[in-house]
Amino acid sequence: MLMNLAMTFSTTWGKIWTIARNVFLEVVRDRILYVIGVFAIVMVMAITMLPEVAAGTEDKLILDTGLAAINILSLFVVVFVGTGLINKEIEKKTVLVLIAKPVSRAEFILGKHLGLSLVMAVLIGALTVIMLGLLSMSGVPYQLDLMLLATSFMFLEMVLLIAAAMMFGVITSTVLATLMTLAIFAVGHETRNILALDKIAESESFRRVAEGLFLVLPDLERLNLKNEIANGFVAPPSGGGLVENAAYGLIYTALLLTVTVTVFERRQF
């Protein structure tokens, strides 16, 4: 029994890994070098120009700029690659070949998600190394452990958004999926403000909508440590622990992937 389970797991993992590797190689070959180059230019400009316009607060602004640039560039890759991971296969009809092979639709989705997640790990890691190197050369003080913590949580946020982008990509067109993923990113960082409006709103219907949005949409502020890190301390936005916030991101990602697999399995090609 255990032997059969082990063989089944090994076979399934092998299929997922093959798909993930192909996604990783394709995306890295096409886009990553451009993103890294843009980030290096942004950081050099920030280190060169900010001290002249923000005397006394330049160090904090440079850290803010660097972390924000990593976040935005990572989001750019997630949105414009993640939303097309499935739709591109459908439009080219290559999905018919893939799912005709002994590859389940769940393995297909998980392999695509893992592949782009690996891309994000490499991208965020490379941008972090470049940022820390430039900070060290320019003499800007920073705490290594806090910087790595901020970028690690940023990676968890991108993994969640990859799942959201893929879900929208399965449900609708690439253009709409792109807009909806950007909306999730924007609103996900404002869910607590929406809940605050719920407490002061006079309309009962508005309160119900606000509460519904808060329950359904991801609270991305749980994974946002940029401001805390730039100020040199860690205060988890949710008021809870870092482990709980990380677990929240992973659980929400798993739920999105479950929805994606369910919808994809019911699609007819």
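These numbers come from a predicted model, not from an experiment. (Residues numbered from 1 in each chain as written. Predicted model: local features only at pLDDT ≥ 70, side-chain atom pairs only at ≥ 80, totals over all residues. Heavy atoms only, no water.)

Asks: Explanation requested: the environment of Pro 102 in the structure shown.
Replies: Of note, Pro 102 is situated in the loop between helix H4 (94-100) and helix H5 (105-138). As a C-alpha pair, Pro 102 and Lys 15 span 87 residues in sequence and 8.9 Å in three-dimensional space. Not counting residues up to four positions away in its chain, the partners in contact with Pro 102 are Lys 15 and Glu 107. (Helix = DSSP H or I, 4+ residues; strand = E, 2+ residues; numbered from the N terminus. Contact = heavy atoms within 4.5 Å.)

Asks: Explanation requested: the pattern of salt bridges in the structure shown.
Replies: Any two side chains of opposite charge can pair if their charged atoms end up close together. Tallying each qualifying case throughout the model produces two salt bridges. One salt bridge in this structure joins Asp 64 and Lys 60, with 2.8 Å as the shortest N-O distance. Placement of the pair is Asp 64 and Lys 60 together in helix H2 (residues 58-82), with a separation of four residues, close to one helical turn. Lys 60 sits in the partly exposed class, given a relative accessible area of 34%. With a closest N to O distance of 3.9 Å, Arg 222 and Asp 219 form a salt bridge. By relative accessible area, which is 23% here, Arg 222 ends up partly exposed. (Salt bridge = Lys/Arg side-chain N within 4 Å of Asp/Glu carboxyl O. Buried < 20%, exposed > 50% of the residue type's maximum accessible area, 1.4 Å probe, protein only.)

Asks: I tried to follow the nonpolar core on my own but got confused; where do I start?
Replies: Soluble globular proteins tend to pack their nonpolar side chains together in the buried interior. Counting residues in each nonpolar core, the largest one holds 69 residues, and the members touching the most others are Ile 109, Met 131 and Leu 135. Of all the secondary-structure elements, those providing two or more residues to this core are helix H1 (2-53), H2, helix H3 (84-91), H5, helix H6 (144-171), helix H7 (174-188) and helix H11 (242-266). The element best represented in this core is H6, accounting for 16 residues. Other than its neighbours up to four places away in sequence, Met 131 contacts Phe 39, Met 43, Ile 62, Leu 63, Gly 66, Leu 67, Ile 70 and Met 147. (Core = buried A, V, L, I, M, F, W, Y, C linked by side-chain atoms within 4.5 Å.)

Asks: Would you explain the side chain of Glu 107 in this entry?
Replies: By the secondary structure assignment, Glu 107 is in helix H5. The buried charged residue Glu 107 lacks any salt bridge, with Lys 15 as its nearest oppositely charged partner at 4.1 Å. Among the polar contacts listed, one links the side chain of Glu 107 to the backbone nitrogen of Ser 104, at a separation of 3.0 Å. Discounting chain neighbours no more than four positions away, the residues touching Glu 107 are Thr 12, Lys 15, Ile 16, Ile 19 and Pro 102. (Lys, Arg positive; Asp, Glu negative; His and termini not counted. Polar contact = N/O pair within 3.5 Å; in protein donor to acceptor, adjacent residues only side chain to side chain.)

Asks: Is there a simple way to explain the packing of aromatic side chains in this structure?
Replies: Pairs of aromatic rings are described using the distance from one ring centre to the other and the angle between the two planes. With the rule as written, the count across this model stands at four aromatic pairs. Summarising the aromatic geometry, the rings of Phe 108 and Phe 264 are spaced 5.5 Å apart at their centres and angled 15° between planes, so their arrangement reads as stacked. Of this pair, Phe 108 sits in helix H5 while Phe 264 sits in helix H11, and the two are 156 residues apart along the sequence. Each of the two residues, Phe 108 as well as Phe 264, counts as buried. Residues Tyr 248 and Tyr 252 carry aromatic rings whose centres are separated by 6.0 Å and whose planes lie at 40° to one another, so their mutual orientation is tilted. (Phe/Tyr/Trp six-rings, centres within 6.5 Å; stacked < 30°, edge-to-face > 60°.)

Asks: Any chance you could explain the side chain of Thr 128 here in plain terms?
Replies: Tracing the sequence through the fold places Thr 128 in helix H5. In this structure the side chain of Thr 128 is engaged in a polar contact, spanning 2.7 Å, whose partner is the backbone oxygen of Ile 124. Setting aside chain neighbours within four positions, we find Thr 128 in contact with Ile 70, Leu 148 and Thr 151.

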